[in-house]
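Listed here are the chains, written in short residue letters.
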Amino acid sequence: MTQHATLSIEGMSCASCVGRVDRALAAIDGVSDVSVNLANETARLTVDRPEQLIGAADKLDELGYPARRASVTLNVKSMSCASCVGRVDMALAAVPGVTDVNVNLASETARVTYLEGVTDPAALVAAATKAGYPAEIAEASATQDRAAQKEEEARGLARRVILAAVLALPVFILEMGSHVIPGMHALIGHTIGHQTSWLIQFVLTSVVLFGPGLQFFLKGIPALLKGTPDMNSLVAVGTGAAYAYSVIATFLPDLLPDEVRAVYFEAAAVIVVLILMGRFLEARAKGRTGAAIQKLLGLQARTARVLRDGEPVEVAIDELHTGDIVVVRPGERIAVDGEVTEGTSHVDESMITGEPVPAEKTPGDAVTGGTVNGTGALRFRATRVGADTTLAQIIRMVEEAQGAKLPIQGLVDRITLWFVPAVMAVAALTVLVWLIFGPSPALTLALVAGVSVLIIACPCAMGLATPTSIMVGTGRAAEMGVLFRKGDALQQLSSVGVVALDKTGTITEGHPELTDLILADGFDRADVLALVAAVEENSEHPIAAAIVRAARSEGVALADIADFTSITGYGVRALAGGADVLVGADRLMQREGIDPGALAEAEADLARRGRTALFAAIDGRIAAVIGVSDPVKPASRAAIAALHAQGLKVAMITGDKRETAEAIAAETGIDQVVAGVLPDGKVAALDTLRGSGQKIAFVGDGINDAPALAHADVGIAIGTGTDVAIESADVVLMSGDLRGVVNAFEVSRRTMSNIRQNLFWAFGYNVALIPVAAGVFYPLFGLLLSPVLAAGAMALSSVFVLTNALRLRRVEAPMDESKAPVPQSAVPQLKPAE
């Protein structure tokens, strides 16, 4: 079991780093022969067991020198049920260096994260293929072909269903007609004869089983021989048993007593027809689960007109480079993200932002790939191309969310891994009990019951119950402008009890305006505004921008400044025009020992009226109190009311004074306020709001919101916020207001409800019908489930699960962002792919 491996390591910069890594790895039990190389940033080591590689990687993560990881998506064939998912998962997880595996039956993919240098995609492909599930590396454009592939698969299955049905129909009529149509049994006996009837059934059934139904034997029997039976094994054993019994009855009748001599060719043939019909319906439904991705892909332009030597030339989208000047004619779709260099137009960005009103674009404005130009002509410089564009990243987010494995799926996987062997054991026990205790003809009844158990218990529905709902639910969420960056957020969001909101830019517009400048005795408005605005010009805070805008609009000349200092959580300080100027909250004045005097009451009054109040001090004396108002977004109050209607409590976390925060809370209907919080105090505020174990979601948009977004049970970033906030979040909203939060909760609630319905059906169906198939009702009512009915019920269970999941495509957004204008037109500033 000893294995040599090479880990790629990040963050090593000197010999001390090498020493720390070397000592840390050498101290792990079972790890030896450690050799760390700074030049190529690797560590060679020997481990006693492959799983110790994961422990070594975890140790490196703790040390601050993480082992490089990579991810690959594989297309996996031949998966037909939840047991297949479990076996593919086990095969891939057993490859040394694999840290995470997520197998999705609905999309027929496996996403694998592995340690670079230890293994590679080729080894993963080989592992899945060796386990009996041929795999290949998914191409970047595979999503575009998925619907077409499923359509082609459905057409192939339709041809096989038709052929099997045409062949099985005479078999069904010849055998079952004798039982239900008076006189038919005698008619067959007087015409072709019963032996000839059986020979015809044998020929037709043989063609069905070894023609359209051959796949069940080619896949099921090898899996059974390996000790890893799957759904195909159940079908192969069940139909094979019925077929073999019938062949013996037809050609070797002396081996069977007269009372049990019967044929079940119709059961074998019709079972194949029904299961193929179920797979045909599954293939069609699976193709529709990816409809949202297809819509997003449809937004991508295929070509663009680019200036080459001053002349516009049409090129494929893949040939665009950063810095290219792209020409956009009226009505055309914008190819990639960029910055307008020439022209004026209005661009429809509704497919990205949800904003129904076209946004005006002039030189210097940003444009987004996938949006549609209006009546004007534009030229823009490409800033993001290929995988870095906003649309490409949105598509990638949706694909990753659709392939996610929720915590609830873990329980399903553990159960279904052993489900098929358990079913085969139950079927064997059923046959044995019928042979020992069953009435005459016991052998026939034992065969019928055993085959019925095998067929009815196929765990297809179990494997499809969760992933299909996730695919459709996250796709519908994307259409509403809600992107689940992390798959488990879909489940976590449904159990959240408290929604905490950042104020600036989340509840409010984030574009405050100066409303009040109340001066202390002996100070002039223009002089104070010139000094304060000069200092604030160096700050990036929205309130600072409001003060600077006001000064410029009044024609005030800003003073020269020096020694600018930002005091986090308090305010700013600088030398302006030779004077020492302080601008900040009352806590800054207290810290500096400056008495606000008569302006303290004015500041309290501004706060009560919902203004953000700041003091300005010049040369150690209070000069003015400044009132700035950040308007509440038009949708905030309605969105908060909608969150209340969903049974959620809403809190606000802000650095503003309590009076200001309470005024905004009263205006919007917020339940609880945490005010006066410094940027690094939002995490502690979340812990306070959690109370006695409630799960909490935090909604924010700024750099200072990133720690809270990461700390919350679910972090929700406003899409118009900063890259740092978006990267820290679990959910990203394409719009710039709180209506997306309401839609996110609705999609989560509906999707989890749909998953529970599917799991209840899938497990309940098996729990209820396996005993029926085994014959528990025979002693009481003389009822024994036919294998044909068992096959129909099994196929119906999978179709029910898929159809139920597809209902999520019709989920209506509680707050439709396209029906009311929102005063923002920016698009999400997503971080370029690395």
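Residues numbered from 1 in each chain as written. Predicted model: local features only at pLDDT ≥ 70, side-chain atom pairs only at ≥ 80, totals over all residues. Heavy atoms only, no water.

Novice: In this structure, what is going on with the overall build of the protein chain? I would like to understand it.
Specialist: Counting its regular elements, the protein chain contains 31 helices and 29 strands. Each of the 834 residues in the protein chain was classed as buried or not, and the buried ones make up 54%. Counted over contacts in the protein chain with a minimum sequence separation of 6, partners at least 24 positions apart contribute 70%. Of the roughly 34400 Å² of accessible surface on the protein chain, a fraction of 57% belongs to carbon and sulfur atoms. (Helix = DSSP H or I, 4+ residues; strand = E, 2+ residues; numbered from the N terminus. Buried < 20%, exposed > 50% of the residue type's maximum accessible area, 1.4 Å probe, protein only. Contact = heavy atoms within 4.5 Å. Areas by Shrake-Rupley, 256 points an atom, 1.4 Å probe, with all protein chains shown as cover.)

Novice: It is not clear to me how the packing of aromatic side chains should be interpreted in this structure. Could you clarify?
Specialist: Where two aromatic rings form a pair, the distance of their centres and the angle of their planes describe that pair. The full count for this structure, using the stated rule, is nine aromatic pairs. On the numbers, 6.0 Å between centres and 70 degrees between planes, the contact of Tyr243 with Phe265 is edge-to-face. Pair noted here: Tyr243 is in helix H9 (residues 231–251) and Phe265 is in helix H10 (residues 265–289), with a separation of 22 residues, a long-range link. A residue is classified by how much of its surface remains accessible, and Phe265, at 0% relative accessible area, is buried. The structure contains a cluster of three or more aromatic residues connected by ring pairs, namely Phe202, Phe210, Phe217, Tyr243, Phe251 and Phe265. If you follow Arg591 out to its NZ or CZ, it ends over the ring of Tyr570, 5.1 Å from the centre. (Phe/Tyr/Trp six-rings, centres within 6.5 Å; stacked < 30°, edge-to-face > 60°. Lys NZ or Arg CZ within 6 Å of the ring centre and 35° of its normal.)

Novice: I'm lost on the pattern of salt bridges in this one. Help?
Specialist: Two side chains with opposite charge may pair up if their charged atoms get near one another. Applying the stated criterion across every chain yields a total of 22 salt bridges. The residue Arg476 makes a salt bridge to Glu479 at a minimum N-O spacing of 3.1 Å. Taken together, the positions of Arg476 and Glu479, both in helix H17 (residues 460–479) and three residues apart, correspond to about one turn of that helix. Under the relative-accessibility criterion, Glu479 is labelled partly exposed at 35%. With its nearest N and O atoms 3.4 Å apart, the salt bridge here joins Arg750 to Glu746. Placement of the pair is Arg750 and Glu746 together in helix H29 (residues 739–774), with a separation of four residues, close to one helical turn. Connected through salt bridges with shared partners, the residues Asp516, Glu601, Asp605, Arg608, Arg609 and Arg611 form a single ionic network. (Salt bridge = Lys/Arg side-chain N within 4 Å of Asp/Glu carboxyl O.)

Novice: Honestly, the pairing of strand E23 (residues 612–618) in this entry has me stumped. Any pointers?
Specialist: Two faces make up the sheet, and in a regular strand the side chains alternate between them. For E23, the tally of buried residues reaches seven of seven residues, placing the bulk of the element in the interior. As paired elements, strand E22 (residues 579–584) and E23 share four bridges and run antiparallel to each other. Opposite Val581, over in E23, you have Ile618 as the bridge partner. Here E23 pairs with strand E24 (residues 621–629) via seven bridges, running antiparallel. Its bridge partner being in E24, Ile618 is matched across the sheet by Arg621. Linking E23 to E24, which pair antiparallel, is a turn of two residues; within it Asp619 sits at a positive phi near 50 degrees. (Pairing = 2+ DSSP bridges.)

Novice: Would you mind going over the sheet that holds strand E28 (residues 714–718) with me for this structure?
Specialist: Two orientations exist for strands paired in a sheet by backbone hydrogen bonds: parallel and antiparallel. A sheet is described by the order of its strands in space; here seven strands give the open sequence E17-E29-E28-E27-E18-E25-E26, paired in mixed fashion. Of all strands in the sheet, those bounded by a partner on one side alone are strand E17 (482–484) and strand E26 (672–674). Along the sheet, successive strands turn relative to each other by an average axial angle of 20 degrees, direction set aside. For strand E18 (residues 496–502) and strand E25 (residues 649–653), the ladder comprises five bridges, and the chain directions are parallel. From the neighbouring strand, Val498 faces E25, where its bridge partner is Lys649. (Axes fitted to C-alpha atoms, helices over the stretch in contact; angles between N-to-C directions.)

Novice: Honestly, the confidence of the model for the protein chain in this entry has me stumped. Any pointers?
Specialist: Caution applies to low-pLDDT parts of the model: their predicted coordinates are not meant to be read in detail. Overall, the predicted model of the protein chain reaches an average pLDDT of 82, with 89% of residues at or above 70. The secondary structure element of the protein chain with the lowest average pLDDT is helix H28 (residues 723–728), at 62, and the one with the highest is strand E10 (residues 325–328), at 93. Segment residues 140–144: pLDDT under 50, and eight contacts once partners within four positions in sequence are set aside and those in other chains are kept. The low-confidence segment residues 820–834 (pLDDT under 50) makes 49 contacts with residues lying over four places distant or belonging to another chain. (pLDDT = per-residue confidence, 0-100.)

Novice: Help me out: how do you make sense of the side chain of Asn373 in this one?
Specialist: The residue Asn373 is located in strand E15 (residues 372–373) in this model. On the basis of relative accessible area, Asn373 is assigned to the buried category, the value being 3%. Polar contacts involving the side chain of Asn373 include one to the side chain of Ser345, which spans 2.6 Å. Not counting chain neighbours up to four residues away, the residues in contact with Asn373 comprise Val328, Arg329, Pro330, Gly331, Glu332, Ser345, His346, Val347 and Leu378. (Polar contact = N/O pair within 3.5 Å; in protein donor to acceptor, adjacent residues only side chain to side chain.)

Novice: Can you walk me through unusual backbone geometry in this structure?
Specialist: If a residue is not glycine, its phi is most likely negative; likewise, a peptide bond is most likely trans. At the junction of Ser440 and Pro441, the peptide bond is cis and its omega measures out at -5 degrees in the coordinates. Of note in the backbone geometry, Asp33 takes a positive phi value of approximately 50 degrees without being a glycine. Mapping Asp33 onto the fold places it in strand E2 (residues 31–37). In this structure, Asp619 takes a positive phi of about 50 degrees despite not being glycine. With respect to the helices, strands and loops of the structure, Asp619 is situated in the loop between E23 and E24. What makes Asp619 exposed here is its relative accessible area of 51%.

Novice: I'm lost on the sheet that holds strand E12 (residues 345–348) in this one. Help?
Specialist: Pairing is antiparallel in the open sheet, where three strands are placed in the order E13-E12-E15. Each edge of the open sheet is held by one strand with a lone partner, namely strand E13 (359–361) and E15.

Novice: Help me understand the nonpolar core, please; the structure alone is not making it clear to me.
Specialist: For soluble globular proteins, nonpolar side chains are generally found buried alongside one another. Counting 137 residues, the largest nonpolar core has Ile716 and Phe745 as the members making the most contacts within it. Here the element with the most residues in this core is H29; it accounts for 13 residues. Excluding its chain neighbours within four sequence positions, the residues that come into contact with Ile716 are Leu493, Ala697, Phe698, Val699, Gly700, Leu709, Ala729, Val731, Leu733, Val741 and Phe745. In this structure, Leu606, Ala617, Ile618 and Val625 belong to the second largest nonpolar core, which totals 43 residues. (Core = buried A, V, L, I, M, F, W, Y, C linked by side-chain atoms within 4.5 Å.)

Novice: Explanation requested: the UniProt feature "transmembrane region" (unreviewed entry) in the protein chain in the structure shown.
Specialist: When the UniProt feature table is mapped onto this chain numbering, "transmembrane region" (unreviewed entry) sits at residues 161–178, 198–218, 230–251, 263–281, 415–437, 443–466, 759–778 and 784–806. Helix makes up 86% of residues 198–218 and strand 0%, with an end-to-end C-alpha separation of 26 Å. Secondary structure across residues 784–806 comprises 87% helix and 0% strand; the distance between its end C-alpha atoms is 34 Å. (UniProt positions renumbered as here; feature names shortened; annotations may be inferred.)

Novice: What is the right way to look at the side chain of Glu746 in this model?
Specialist: The class of Glu746 is buried, set by a relative accessible area of 10%. For Glu746, the contacting residues outside a window of four places in its chain are Gln646, Val811, Glu812 and Pro814.

Novice: So what exactly am I meant to see when it comes to a nonpolar patch on the surface here?
Specialist: A cluster of nonpolar side chains, namely Leu429, Leu432, Val433, Leu435, Ile436, Phe437 and Leu443, defines an oily patch on the protein surface of about 680 Å² accessible area. With six residues, the top contributor of residues to the nonpolar patch is helix H15 (residues 419–437). Residue placement: Phe437 occurs in helix H15. Exposure remark for Phe437: the relative accessible area of 67% places this residue in the exposed category. (Patch = residues over 30% accessible without salt bridge, like charges linked within 9 Å, V, L, I, M, F, W, Y side chains within 5 Å.)

Novice: Looking at this structure, how should I read the environment of Ile248?
Specialist: Mapped onto the elements of the fold, Ile248 is located in helix H9. Assessed through its relative accessible area of 32%, Ile248 is described here as partly exposed. With 15 residues separating them along the chain, Ile248 and Val263 place their C-alpha atoms 8.8 Å apart.

Novice: Would you take a moment to explain the packing of helix H16 (residues 442–456) against H29 for this structure?
Specialist: When two helices pack together, their arrangement is captured by the angle between the axes and the distance separating the axes. It is at 8 Å that the axes of H16 and H29 come closest, and there the two elements cross at 165 degrees. Put simply, H16 runs roughly antiparallel to H29. Seen from above, H16 lies across H29 with right-handed handedness. Every residue of H29 that contacts H16 at Ala449, Ser452, Val453 and Ile456 is listed here: Tyr765, Asn766, Leu769, Ile770, Ala773 and Ala774. (Parallel < 35°, antiparallel > 145°, perpendicular 65-115°, else oblique. Left-handed = near helix turned anticlockwise from the far one by under 90°.)

Novice: How should the packing of helix H7 (residues 194–210) against H9 be read in this particular structure?
Specialist: Their axes nearest at 11 Å, the elements H7 and H9 cross at an angle of 150 degrees. By the angle class used here, H7 and H9 are roughly antiparallel. When the axes of H7 and H9 are compared, the crossing they make is left-handed. Residues Gln195, Trp198, Leu199, Phe202, Thr205, Ser206, Leu209 and Phe210 of H7 touch H9, and the partners they reach there are Thr239, Tyr243, Val247, Ala249, Thr250 and Phe251. Residue composition of the contact of H7 with H9, by class: nine nonpolar, five polar and no charged. (Nonpolar A, V, L, I, M, F, W, Y, C, P; charged D, E, K, R; others polar.)

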